[in-house]
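Each chain, letter by letter, is given below.
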Amino acid sequence: MIKLAPYTGLMSRRRALGLFGATATLLGCGGDGPGSPTAILVSEGGRNGRGPSGRGPSGGATSPSCVLIPEETAGRHPLFSDIASAATYLREDITEGKTGVPLRLQLTIVNVNARCAPLTDAFVYVWHCDKDGVYSGYSQPSGNTVRETFCRGVQMTDHTGLVRFSTIYPGWYSGRITHAHFRVYLGNSLHATSQLAFPQDVTRAVYASTLYAARGQNTSVTSFGADSVFSDGEQYQLCTVTENARTGGYDAALTVGIAL
């Protein structure tokens, strides 16, 4: 297995935090209030998506390829509640030496109200558990990881709206199907909190591999319909996952739209 080098593709932290401050000033951002724009996800295949009441963004027409996604819970282990703290971990490689099947995660952030134009200089915070189902930063029944930050990181979108993370395929813990969390910020304003789903055939293959075999398959939740988050539908949060012959792992991609 190829060992991922720490901080691959790291943007200058000084530049990123400077842009963070400039963006906050420009937008006049005030935080995560009830008036925040709704997050949407751009689905492949042009299907109409689900959102609050199953409708598109209020106040205007929606492209068939841009659909609302429900806000999801941040879960019990977000660690950082604001982008100023999370941006301390501005990095592409978030493994911190954790072993697992390599996963290259690619998210593209777009503005649905501007014909899905890419959003530049948006901060994307991603976090998930390790191969054993453990989150960093917390004391859990499975282990105390306080002051650890593995499988967490922030990237800023480039001119195409793209962020990339080098990580490992998430493991599982009782009560949840395999997933990853993410948040999208513009300036210091939170615009989306959601979760990523992964194809079950890929997940089963990963959990049958040597590094994951000790825990085996997830028998606690065996379908999206039985999951507390994805029970009302996962198709608009489901990553497109392909094998990566170079890393011996997988690439996962999703396009996420924000209504501005």
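Because the structure is a prediction, the values reported are computed rather than measured. (Residues numbered from 1 in each chain as written. Predicted model: local features only at pLDDT ≥ 70, side-chain atom pairs only at ≥ 80, totals over all residues. Heavy atoms only, no water.)

Draft legend 1. The arrangement of the sheet that holds strand β5 (residues 123–127) in detail. One open sheet accounts for four strands, arranged β8-β5-β10-β11; its pairing is antiparallel. Only two strands of the sheet have a single partner each, and these edge strands are β8 (152–156) and β11 (189–197). Between one strand and the next, the sheet's axes are offset by a mean angle of 20 degrees, whatever the strand orientation. Direction of pairing for β5 relative to strand β10 (residues 179–186): antiparallel, over a ladder of five bridges. What sits directly across from Phe123, in β10, is Tyr185. (Pairing = 2+ DSSP bridges. Helix = DSSP H or I, 4+ residues; strand = E, 2+ residues; numbered from the N terminus. Axes fitted to C-alpha atoms, helices over the stretch in contact; angles between N-to-C directions.)

Draft legend 2. A look at helix α3 (residues 200–207). For α3, every residue scored as buried is listed here: Val202, Thr203, Val206 and Tyr207. Down the axis of α3, the sector holding all buried residues measures 130 degrees, keeping them to one side. Elements that come into contact with the buried residues of α3 comprise β12 (240–244) and β13 (249–258). (Buried < 20%, exposed > 50% of the residue type's maximum accessible area, 1.4 Å probe, protein only. Arc of directions from axis to C-beta. Contact = heavy atoms within 4.5 Å.)

Draft legend 3. Representation of the packing of aromatic side chains. Tallying each qualifying case throughout the model produces eight aromatic pairs. We note Lys98 situated over the ring of Phe150; from NZ or CZ to the ring centre the distance is 4.3 Å. Residue placement shows Arg215 over the ring face of Trp172; its charged tip is 4.2 Å from the ring centre. (Phe/Tyr/Trp six-rings, centres within 6.5 Å; stacked < 30°, edge-to-face > 60°. Lys NZ or Arg CZ within 6 Å of the ring centre and 35° of its normal.)

Draft legend 4. Region of the structure containing the pattern of salt bridges. Going through the model one piece at a time under the given rule, you end up with four salt bridges. Here Asp130 and Lys98 are joined by a salt bridge, their closest N and O atoms 3.2 Å apart. Placement of the pair is Asp130 in the loop between β5 and β6 (139–140) and Lys98 in the loop between α2 (83–86) and β3 (102–111), with a sequence separation of 32 residues. Overall, Lys98 belongs to the partly exposed group, its relative accessible area being 29%. The partner of Asp132 in a salt bridge is Lys131, with the nearest N and O atoms 3.2 Å apart. Take Lys131: its relative accessible area is 17%, and that puts it in the buried class. (Salt bridge = Lys/Arg side-chain N within 4 Å of Asp/Glu carboxyl O.)

Draft legend 5. Structural view of the side chain of His179. Note that His179 resides in strand β10. Since its relative accessible area comes to 2%, His179 is described here as buried. At a separation of 3.2 Å, a polar atom in the side chain of His179 contacts the side chain of Tyr135. In terms of polar contacts, His179 uses its side chain to reach the side chain of Tyr173, at 3.3 Å. The residues touching His179, leaving out its near neighbours within four places in the chain, are His128, Tyr135, Pro170, Tyr173, Gln195, Leu196, Phe198 and Phe230. (Polar contact = N/O pair within 3.5 Å; in protein donor to acceptor, adjacent residues only side chain to side chain.)

Honestly, that's just the spatial picture; any functional story needs more than this.
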